[in-house]
Structure formats: structure tokens, C-alpha cells
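As a plain string of letters, each chain reads:
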Amino acid sequence: MRKTLLTLMASVALMCSAQQVTITSTTRLLQDAEPAFYPTLSASGNKLLYSDVDANGLKMLDIDTQQITTVSNLNGAGIDAKWSANGNVYYITSEVNKQDHLVYRTGRRYDLNRKANEVVLEAQHGAVHLETGTAGMAMNGERHTFATSPNRGTSVYTTGSQLVVTVNGKENRYTPVESYAGYLWSSVSPGGDKIAFFAAGTGIIITDLQGKVLAQLGNYEMPCWYNNDYIVAQNATDDGYQFTSSQILLLKADGTFRQELTPSTSMTMQPTSGGGKIVYTTIDGNLTMITIDINE
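What counts, and where the lines are drawn
- Residues numbered from 1 in each chain as written.
- Predicted model: local features only at pLDDT ≥ 70, side-chain atom pairs only at ≥ 80, totals over all residues.
- Heavy atoms only, no water.
- Core = buried A, V, L, I, M, F, W, Y, C linked by side-chain atoms within 4.5 Å.
- Buried < 20%, exposed > 50% of the residue type's maximum accessible area, 1.4 Å probe, protein only.
- Helix = DSSP H or I, 4+ residues; strand = E, 2+ residues; numbered from the N terminus.
- Contact = heavy atoms within 4.5 Å.
- Lys, Arg positive; Asp, Glu negative; His and termini not counted.
- Salt bridge = Lys/Arg side-chain N within 4 Å of Asp/Glu carboxyl O.
- Polar contact = N/O pair within 3.5 Å; in protein donor to acceptor, adjacent residues only side chain to side chain.
- Pairing = 2+ DSSP bridges.
- Axes fitted to C-alpha atoms, helices over the stretch in contact; angles between N-to-C directions.

A.B. asks: Describe the nonpolar core, and please don't skip the residues or the numbers.
C.D. replies: General note: in soluble globular proteins, nonpolar side chains tend to be found buried as a group. Of all hydrophobic cores here, the largest spans 14 residues; its most connected members are Tyr226, Leu250, Leu261, Ile278 and Ile292. Breaking this core down by element, the ones donating at least two residues are β21 (230–238), β22 (243–252), β25 (277–282) and β26 (287–295). Per-element accounting of this core gives the leading share, three residues, to β26. In this structure Leu250 touches Val21, Tyr226, Tyr230, Ile231, Val232, Phe257, Arg258, Gln259, Leu261, Ile292 and Ile294, once residues within four positions along its chain are discounted.

Here is the structure:
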């Protein structure tokens, strides 16, 4: 038994050591523009949403033409903006009500074809969670909700320490790992068969659609799917007041492989991926786009 185990471990080590990732191109984006944060690539990788350091306002860069479009100038628009399956943009804005001094959040949609904004979820007090699916979007508020259609395919969002997974209209809630500070950054894999999310205190978790843990990838943040087998993530450290290091990693979703895409001293963060491209920013708001080749 011990010999078999050692042979298996040696085989896994050999497979991991043989795997190589090469950066094939590096492009600086928005060199003459203001600092950019919270980048979010479209699924095709040809359009990029971004905001300022406080997530106030939301802009869109057409990577092919370099044209910049202002989507919104409203507060909070850039903090969690997402692309829908049909290419529209959904985002949430916030404002303090002058009468009761409470924060109210409004769900909005930007239609790329009409180049127009519209309110899809009226202002309400309390959290509003964006739900992304393989066939649609939803916004889940404490009082009111919005959905692009009853069937959103396979979709996910988090609330507290719950993973809310909907498959073909049936919603289930799971707590795959304990996390008293809650879950963040959930997403469905491109193939629609896995979920990635961040659990505070534990790190990135991969589950199946029934909430069963498939892998724990380490205490990294902001996971996004590069393809159905790989995750791009941020690995940051701090001293309780400010970042001391931050870099971008490529992780295999089964937990067997880890590759640094930027050095820990680079202060690179907030990764996003789409169309075979990876975009990240720096602590100073400098956006960079890279492409990679994975040799397995």
C-alpha cells in the first residue's frame, strides 16, 4: 500500500512539473486615461468595464477600437457590474435618502445596442445581490427582485454564508464550508457544471451544482474562470492597514496546479477573464491585458 501511494504521489508530481504556462502577449490598456479599477471583461473578451478607485461611475472600453463609453456616472455603479449572456450590462447604484438617511440601491441595465440605461429594479433599502447565469440574470433584493427570464439556466449568487444555486428554475441553498464572515465572488464555470466562490477565512472553493466541495484552491481572492478547468485569482497580503504584496495566479480548478502570472512585488490585483484574455489592474490603477498558453 505504501509503495502504491508513493508511486501515485510521484506520478502526480511529474504531471504538475511537466505542465507549463507561457505568457504570449502583454498589452497596457488606457495608458493616457485616468486610473482604472474593478475591470470586468465580456465573455468574448472584446469589451471591458471599469471604474474609479471608489467604484463611482462605470465606463466601457472597446478593446478592438479603443473607444471609451460612459455607462453611468452614478455612485457605486462600478463595484459589481456584470455582463449578461446576451451582452448587456447589469449594475447597482446606491444613494443616501435625504429623509430617512438610509442607503437605497437601484438595479440598472445598460443596453449596448440602444446605448441606453434603464431602471430594472426600483430603489430599495438593504442589500441587492446580482445573480449571474448561463442563460440570464437576476437581481435579488430584500424586498423586491428582478429577473431577465424565469429560466436563467444555471446561476449563482451568495448571501452571507450561503451559496444560492439555481438550475432550470429550481433554487437550492448550500453552505459547503464554514465562514462566519461570509462568501463572495461566486460564478458558474463556462461549462455550467461547477461553481467557484470565495469563503472568508478559507479561500477559493470549487463545488459541483449540489454544493459538494470538489477542491479548495488556497486562501486567494477574486476568483474568475479562465476556462472550464482553470481559475485566475488574486494573491494579496496586508499588514492590517495596507497591501504589502499582490499578484495574479492561475490555478487549476481541481487543485493540482498553481502558476504565478505576475510577481508578488508587482502589486497587481482584481483579475478578470474572457475570450482567452486576462486583464488586471495595479494598486495605482494601471490596466494590463495578457494572453497565455497552457501546455499540458
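A.B. asks: Mind laying out the side chain of Glu221, listing which residues take part and the relevant values?
C.D. replies: Assignment of secondary structure puts Glu221 in strand β20 (residues 221–225). It is Arg258 that comes nearest to the buried, bridge-free Glu221 among opposite-charge side chains, at 11 Å. There is a polar contact of 3.5 Å between the side chain of Glu221 and the backbone nitrogen of Ala236. In this structure, Glu221 is in contact with Trp185, Phe198, Ile204, Ala233, Gln234, Asn235 and Ala236, ignoring residues within four places of it in sequence.

A.B. asks: Explain the side chain of Thr106 to me, and be specific about the residues and the numbers.
C.D. replies: You can see Thr106 is positioned in strand β8 (residues 103–111). Overall, Thr106 belongs to the buried group, its relative accessible area being 7%. Excluding its chain neighbours within four sequence positions, the residues that come into contact with Thr106 are Tyr91, Ile92, Thr93, Val119, Leu121 and Ala123.

A.B. asks: Can you tell me about the sheet that holds strand β14 (residues 162–167), naming the residues and giving the values?
C.D. replies: Here we have six strands laid out as an open sheet, ordered β12-β11-β10-β13-β14-β15, and antiparallel in their pairing. Since the sheet does not close on itself, it has two edges, and those belong to β12 (145–147) and β15 (170–174), each with one partner. Mean inter-strand twist for the sheet, computed between neighbouring axes without regard to direction, equals 20 degrees. Judged from the six bridges that link them, strand β13 (residues 154–159) and β14 form a sheet pairing that is antiparallel. Looking across to β14, one finds that Val156 is bridged to Val165.

Keep in mind these numbers describe shape, not what the thing actually does.
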